[in-house]
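# A closer look at the structure
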Amino acid sequence: MNMTMVQAINRTLAQEMERDDRIIILGEDVGRDGGVFRATDGLFEAFGPERVIDTPLAESAIIGASIGMTALGLRPVPEIQFMGFIYPAFNQIISHVARLRNRTRGRFTVPLTIRTPYGAGVKALEHHSESTEALFCQVPGLTVVVPSSPYDAKGLLAASIRSEDPVIFLEPTKLYRAEKQDVPEDPYELPLRRAAVVREGKDLTVVAWGAMIPVARKAAEAAAADGVEIEIIDLRTLCPMDRDTIVASVKRTGRAMVVHEAPKTCGLGAEIAATIGERALLSLNGPVLRVTGHDITVPLPKSEDHYYPGPERVLRAVRQLMEY
Amino acid sequence: MIERFDPLKGERLQILDEKGSARAGLDPGLSDPELRAMYERMVLTRTVDAKALKLQRQGRFGTYASNLGHEACQVGLASAMTKGDWLFPYFRDLGLYLTLGYPLADHYHFWMGNEAGLRTPDSLNIYPVAIPVGSQIPQSVGAGLAARYRKLPIAVVATFGDGATSEGDFHEGLNMAGVFRTPNVFFCVNNQFAISVPRAKQTAAATIAQKAAAYGFPGVQVDGNDILAVHAAAREALDNARNGKGPTLIEAYTYRMGDHTTSDDSGRYRTKEEVREWERRDPLLRLRLHLEKKGLWDAKLEKELQDRSTELVEKAVAEAEARPPATVEDLFAYTYAEMPPDLAAQLEDHKAFLGEAAR
């Protein structure tokens, strides 16, 4: 069936809830309103107020309560309305969600999936465009997943919900309705911790995820016209990271670049570049470049394009690397 | 009973006075064996605590949060809980743990810094200690929601100190509990200090209990050195939770007789006179006087109990000290359900390093 990413997410949530009555959705406006992006549309009507809970406006309590639910065997899928508002829940996520398995020697696990829209590019209000995935990737115990298409969203969300580990599931707002894709009706899982080579090429490896995948694709098409064949790796799971796929690709292409929306400093690009340096140094024909958001606060909508990496910035870096 | 003591009118529930006499009409009517068992738990708690402080001074224990003076709060609450109930504790809950049946050696493991002490026994509905202050409160509300969803007739207890009531999680948790009328009991051990900061600097409200009014459910202040008052209020609040009558906030008004932890020196912020004044209200003494009045206790029984407690404690300490620290594999094993290759590589590398260092 042809559907957008947000529809794929909605369908997955419905199917997972039908499959497993331990799954509870809670968050702000997820009930009657169906979520501000309609990701939970129709679920309140289908599953009732005990399973689709409109909570008070309190992010720490949303995640804290989700943790408490897991103590009694439930598998909540809380929604934080925007990633920019997840910080009040940081203590719950970092101090508890991520480490309860370890700090109870496996007695208590926290199999919850925290969904939140993230990323720039939709001309949103302040605090609605952040891309702070790296903050979570440094926390042992967390799994961070980002889909880049409706098909991936369905398979990755199902796998996240079924995972025994806590997952931060970041949904790129720019891609929610950007394209429609044929998505199978039957539930399926895409493996977590696995990157996907979404375009093959022999000259240069681009590692990206989420809303940067379409950007990388556009750049790759333009580069192909100039005779440069770009390989694109969609990381899909940011942590734990599938380093093998990255390293194998870079060993073939000899050139690597990371494209992400988050600020450059201490972004995941640094981690990826370090990995390539550790494991593929002698295959490199040039430095690992990073095309990223700048180390500034995401600008207001009129100037947002200065922040957000587009195909032109990627192409510029491609030329720099090819000429190195 | 809870409704009869309105914190907004400055009323505090006390059943046992400082001489150990119970107020008629309020006595919860515990049997003689129950009363004796409570006292025994309190004495054991104090013995375990005193030993911990001694071990810390000898370098056999890590930083430790002393428990002195909190025995009535803890044993009074725990003895009102039933098997299915859940506890989301804070870090000064020794008597609760012991009353609920927590193995003594496990308690020592934790404070000795052995990972083995992290896992609460599978048979006990005790969530791990929340060290980030107040963070257990919203968790307990989620457990309450889950209990209702699963139609379990249980109550969920969260314990915390007076300092925690200034945290956002206190507000977020109690607010949510009020909205959903969850089966929760919020038990605040108001021991007058958050490390050095006195209760008056945590809130301008006259009591902590009265904050419940703003969340739309009952709150009661009880004398936290009076185990009968604690027990009676807890029992009623737990019953209400289990019977769909919603949450309750209990403020147990007590005093932290010891330092905050072994890293603290309370002489910097309070006077000896103040501490001595509270010694008079010692919760153990009060219950002992009550037992003696009822003819249930004497010096011989006291001596036997002290000896028995000491013996239990020495055995547990020996067991805890004999247990080796966690292996390197164990430290890595519980980060994810299945160890990612990166982490496995780090583990192997660390083991290789240890092998080289040993050569």
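As the structure is a prediction and not an experimental result, all values here were calculated from the model. (Residues numbered from 1 in each chain as written. Chains lettered and ligands numbered in written order. Predicted model: local features only at pLDDT ≥ 70, side-chain atom pairs only at ≥ 80, totals over all residues. Heavy atoms only, no water.)

## Details of the nonpolar core
For clarity, the cut-off: What makes a nonpolar core is a set of buried Ala, Val, Leu, Ile, Met, Phe, Trp, Tyr and Cys residues whose side-chain atoms join them at distances within 4.5 Å. Buried means the residue's accessible area, taken with a 1.4 Å probe over protein chains only, is under 20% of the maximum for its type, while exposed means over 50%, and partly exposed covers the values in between. Here a residue-residue contact requires only that any non-hydrogen atoms of the pair lie within 4.5 Å.
Counting 79 residues, the largest nonpolar core has Trp209(A), Phe186(B) and Leu249(B) as the members making the most contacts within it. Excluding residues that lie within four positions of it along the chain, Leu249(B) makes contacts with Phe160(B), Phe170(B), Leu174(B), Phe186(B), Cys188(B), Ile208(B), Ala209(B), Ala212(B), Phe217(B), Pro218(B), Gly219(B) and Val220(B). Of all hydrophobic cores here, the second largest spans 69 residues; its members include Leu96(B), Leu98(B), Val129(B) and Leu284(B).

## A closer look at the domain arrangement of chain B
Defined as follows: Domain delimitation in this document rests on an assignment produced automatically or drawn from a domain database.
Once the domains are mapped, chain B shows domain 1 (2-326) and domain 2 (328-359). Look at where the C-alpha atoms of domain 1 of chain B and domain 2 of chain B centre, and you get two points 39 Å apart.

## Examining the pattern of salt bridges
For clarity, the threshold we go by: Definition used for salt bridges: Asp or Glu carboxyl oxygen within 4 Å of a side-chain nitrogen of Lys or Arg.
Enumeration over the complete set of coordinates arrives at 43 salt bridges over all chains. Among the charged side chains, a network of salt bridges with common partners joins Glu16(A), Arg19(A), Arg162(A) and Glu189(A).

## Things to note about unusual backbone geometry
Quick note on the threshold: Each helix is a run of H or I in the DSSP string that is no shorter than four residues. Each strand is a run of E no shorter than two, and both are numbered from the N terminus.
A cis geometry characterises the amide bond from Cys239(A) onward to Pro240(A), with omega recorded as -5°. Take Pro240(A): it is sitting in the loop between strand S12 (237-239) and helix H9 (243-253). With a phi angle near 65°, Arg193(A) is a residue other than glycine that sits in the positive phi range. Secondary-structure assignment places Arg193(A) in the loop between strand S8 (181-182) and strand S9 (196-199). Although it is not a glycine, Ile195(B) sits at a positive phi angle of roughly 50°. Structurally, the position occupied by Ile195(B) is in the loop between strand S4 (193-194) and strand S5 (197-198). The exposure class assigned to Ile195(B) is partly exposed, which follows from its relative accessible area of 42%.

## A look at the environment of Arg199(B)
All names here are of chain B. Rules: Two N or O atoms form a polar contact when they lie within 3.5 Å of each other; inside protein one atom must be a possible hydrogen donor and the other a possible acceptor, and for residues adjacent in sequence the pair counts only when both atoms belong to side chains.
Counting through the fold element by element, Arg-199 comes out in the loop between S5 and helix H7 (211-215). Of the residues examined, Arg-199 reaches a relative accessible area of 11% and is grouped as buried. Expressed as a C-alpha distance, the spacing of Arg-199 and Gly-163, which sit 36 residues apart in the sequence, is 7.4 Å. When near neighbours in sequence (up to four residues on either side) are disregarded, Arg-199 contacts Asp-162, Asn-190, Gln-192, Ala-205, Ala-206, Thr-207 and Ile-208. Within the structure, Arg-199 has its side chain in polar contact with the backbone oxygen of Ala-205 (distance 3.0 Å).

## Topic: the interface of chain B and chain A
In plain terms, the rule: Buried area counts how much accessible surface, traced with a 1.4 Å probe, disappears from two parts once they are put together, with both parts' losses summed.
Between chain B and chain A, the residue contacts involve 47 residues of the former and 47 residues of the latter. Carbon and sulfur atoms make up 59% of the surface buried where chain B meets chain A, a total of about 3,800 Å² over both sides. When the area that chain B buries against chain A is broken down by residue, the three leading residues are Tyr149(B), Tyr334(B) and Tyr336(B), summing to 19%. Counting across the interface, chain B meets chain A through 4 salt bridges. For Arg107(A), the salt bridge goes to Asp122(B), with nearest N and O atoms at 3.8 Å. For the side of chain B that touches chain A, the secondary structure elements donating two or more residues are strand S1 (86-88), helix H5 (136-149), helix H6 (168-180) and helix H12 (328-333) of chain B. Here the element with the most residues in the side of chain B that touches chain A is H5(B); it accounts for 9 residues.

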